Amino acid sequence: MKKADNSIIIGADIGGSHITAAIVDINKKCLIGNIVRKNVNSKGSKVAILETWVNAVKEVILPYHGELDKLAFAMPGPFDYSKGISLIKGLDKFEAIYGLNVKSYMSNALNIPEENILFRNDAEAFLHGEMFCGAGKDCQKAIGLTLGTGFGSAISQDGFTKDLNLGSEPFRKSIADDYFSTRWFIGRYWALKGEKPANVKAFLDLANIDIQADIFEEFSLNLADFLSRYLINGDTVILGGNIAQSSHLFLPLLERNLSKQNLNITFKLAGLNEEAALIGAAASFESISV
């Protein structure tokens, strides 16, 4: 492999509790080699967070002996994606790197030119990856929703993808992100049963069938109410994130509730899983839409 091979990109996906990294071949639309995944304490120190990110990338590129010089991050917001500066504050994560120029830090730590390090919104990267070679590859237009630690949203049309940031929109007593993310499920179970599961999987393990049904029914009603403000009849929606893995518990209800509002929506489950954001971030070198 030559260093000038523009199709081989290092992709990294930053989550609230982990980093995933791999080598992406955007010509072949696939990952090369192994995926490296490391846990990250998003409430930790600046050094602890950044060193974990750097070590994950170093582990991925080790077999390539300095031949790779392009790196793309899928990064949660708020973030200055063009300058590479973290603006995350007041979200109970990554407080320690607020205001830091992550692009410059990574450039120095990894010996990669700053102009060869790109950042892309994580929801946008997820949808772009799915449109590029996943569940949306045959769609001209789709909306992507990631249901997990946070509520991500993006829209893609004719090869251009952009973040929608619907999670920040007002809903009920606060914002949408508070209703369509892991912490809502934890909060509802806590309110009903007095126990606080660590995540949605733990909630599913603890909750009996009736409690699961009640909570997912409420979730479906809320999500249909919210999405009806933004969707139009005939839209295609691609669902990703950990909560989407339990789609059988809420998707039929969601479709039925939207249908009551005269919205016939095609839902597709993500086909690439964690690979989507890596591929979508790397594809920024081919086609950037921010």
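Residues numbered from 1 in each chain as written. Predicted model: local features only at pLDDT ≥ 70, side-chain atom pairs only at ≥ 80, totals over all residues. Heavy atoms only, no water.

Undergrad: Could you clarify how one ought to interpret unusual backbone geometry in this entry?
TA: Trans is the prevailing form of peptide bonds, just as negative phi is the prevailing case for residues other than glycine. Residues G77 and P78 are joined by a peptide bond in cis, for which omega reads 0°. Inspection of the secondary structure puts P78 in the loop between strand 4 (71-75) and strand 5 (79-80). Even without being a glycine, N111 presents a positive backbone phi close to 60°. Residue placement: N111 occurs in the loop between helix 2 (102-110) and strand 7 (117-121). In this structure, N165 is a non-glycine residue whose phi angle is positive, near 55°. Relative to the helices and strands, N165 resides in the loop between strand 10 (160-163) and strand 11 (170-171). (Helix = DSSP H or I, 4+ residues; strand = E, 2+ residues; numbered from the N terminus.)

Undergrad: How should the pairing of strand 14 (residues 266-269) be read in this particular structure?
TA: On a regular strand, one side chain projects to one face of the sheet and the next to the other, so that they alternate. The pairing of strand 13 (residues 236-240) with strand 14 spans four bridges and is classified as parallel. Directly across from V237, in strand 14, lies its bridge partner F267. (Pairing = 2+ DSSP bridges.)

Undergrad: Which parts of the structure should I look at to understand helix 4 (residues 182-193)?
TA: Think of an α-helix as turning once every 3.6 residues; residues three or four places apart then point the same way. Over its 12 residues, helix 4 runs 17 Å from end to end, which matches the ideal 16 Å to within 8%, given 1.5 Å per residue. By the burial criterion, the buried members of helix 4 are T182, W184, F185, I186 and Y189. Of the surrounding elements, those touching the buried residues of helix 4 are helix 5 (200-206) and helix 6 (209-227). Within two residues after helix 4, G194 carries a phi angle of roughly 75°, on the positive side. (Expected span 1.5 Å × (residues − 1). Buried < 20%, exposed > 50% of the residue type's maximum accessible area, 1.4 Å probe, protein only. Contact = heavy atoms within 4.5 Å.)

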